[in-house]
Each structure stands twice: as C-alpha cells, then as structure tokens.
Amino acid sequence: MFARELADDAQLFPLEVWHAEEFLAHMDRGREFIGRYIGLPDRVTDLASARHLLGSKAEEAARDGARLYGIRVGGTLVGGVLFREFDAAAGNCEVGCWLEPAAAGRGLVGKACRVLIDWAFDVRGMHRVEWHVASGNEKSIALAERLGLTRDGVMRQNHLHRGVRQDTEVWAVLAHEWAAARPT
C-alpha cells in the first residue's frame, strides 16, 4: 500500500474494497453536498453497495481501466479523485473528483488531480486528459481552469441527475500543453 503526501496532514491513497466502511461513512457525511452534481453518493447507500463500487473499480484497475483514490485529512477520508475513464490504447482518460465540505478550500483536490495528470502523461504516455463537469458546478469549473485545462465545449442536457437534465462541460489538456505549462 502506498500513500502520497498532499499536505502535512493530508494523503492521497488507493481506495480498495477493505475501505468500504470508511468509504460509506464518508459518503454519509457528505451525501447531499457531494451529490449535488455527481451520482456517487446515490450509488453508495449501504455497506454492500460501498463494497460493490470499490470492488468494481478494483476490477477496472486490474484491466488497466478506471482507478479510484481517496484523500484523508488527519486520518479521516474526506474526498477523492479518480480516473473515471482510462483508455491506454487510445491515449485518453478522464479525471474527476469529489470532496466533503469540511475539507474544501485547502487545495487538496487540485494537488491530487495534478498527481493523477502527471502520472497519466509521464508514466502512462497518455495524449489527452479530460474533465467533465456539470455547467452549474462553479467550483469544479474553477478547478479545471486552475489546472490549466481548456474548455472544449458543452454537451447540452446530456446527463440526467436526480431527475434533472444537466449540461456537461468538457475540459481537456493535451500532453504537450501540460508539459509546456510546468514550472522549469
């Protein structure tokens, strides 16, 4: 097992099936806040569903697909980042995130996303990293901008979330753009 330091009291680590109880408790604490724009809390409603979701992500990772990582602050799971899609053969992937309100404003998700994007480009040789975000999710859009992604466009009313059709903005960065923007 590994953990990557994001701050003095914060770590990034792979979420695995044996974290199911901790993951469920985290979803319960942040259910409404996290669920405003993403469906993750609606899929994790009890211990069995937490185990199922974590297990399915582990299976995807084993097939070199999607991956799921947690963010802990002071030993408590407060959020996470993921490769929602990961297609090594095509050189494309999608990064996403979620966070409890108590951990917001510390820059942890941005640091964690940089770790994932660096790994995608530097280690896996990806060509394009995408970020899909509901048009109303201003904080996530602001993070995409801070990360240096470019808004490619909007898929109008493409996503049904809690009975409401949402527009999805697609942001992306290409490998050469990410490399050029790094500090020297």
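Preceding block: the structure.
Per chain, the residues get numbers from 1 upward, laid out in the order the sequence is written. Where local features are concerned, this predicted model is filtered to residues with pLDDT of at least 70; where side-chain atom pairs are given and counted, the filter is 80 or more; whole-chain, interface and lining totals use all residues. Each side-chain value is worked out from all heavy atoms of the structure, with water and hydrogens disregarded.

As a further point, take the side chain of His26. Only runs of H or I of at least four residues qualify as helices and only runs of E of at least two qualify as strands under DSSP, and these elements are numbered from the N terminus. Summarising the element assignment, His26 is placed in helix α1 (residues 20–34). Here the term buried applies to any residue with accessible area under 20% of the maximum for its type, exposed to any over 50%, and partly exposed to those in between, with areas from a 1.4 Å probe on protein chains only. Of the residues examined, His26 reaches a relative accessible area of 0% and is grouped as buried. Every residue pair with non-hydrogen atoms within 4.5 Å of one another is taken to be in contact. Apart from the residues within four sequence positions on either side, His26 is in contact with Ile34, Leu77, Val78, Gly79, Trp98 and Glu100.

Let us look at the nonpolar core. Buried together is how nonpolar side chains tend to be arranged in soluble globular proteins. As used in this record, nonpolar core signifies buried Ala, Val, Leu, Ile, Met, Phe, Trp, Tyr and Cys residues forming a set joined through side-chain atoms within 4.5 Å. Ranked by size, the top nonpolar core spans 35 residues in total, and within it Leu12, Ile71, Val81 and Trp131 carry the most contacts. Elements supplying a minimum of two residues to this core: β2 (10–14), β3 (67–73), β4 (76–87), β5 (92–99), α4 (108–123), β6 (128–134), α5 (138–146) and β8 (164–174). Among the elements that make up this core, the one with the highest residue count is α4 (9 residues). Counting 16 residues, the second largest nonpolar core, distinct from the first, contains Met27, Leu40, Ala50 and Leu77.

Quick look at unusual backbone geometry now. In this model, Gln157 sits at a positive phi of 45°, which is unusual for a non-glycine residue. Mapped onto the fold, Gln157 is located in strand β7 (residues 150–161). Phi at Arg162 is positive, roughly 50°, even though this residue is not glycine. Looking at the secondary structure, you find Arg162 in the loop between β7 and β8. Residue Arg162 is classed as partly exposed on the basis of its relative accessible area, which comes to 40%.

Another aspect to go through is the pairing of β7. Pairing between strands requires that DSSP locate at least two bridges from one strand to the other. Pairing between β7 and β8: 8 bridges, direction antiparallel. Across the sheet, His161 pairs through a bridge with Val164, a residue of β8. Connecting β7 to the antiparallel partner β8 that follows it, the hairpin turn spans 2 residues, and Arg162 within it adopts a positive phi of roughly 50°.

Distances and angles like these do not, on their own, reveal function.
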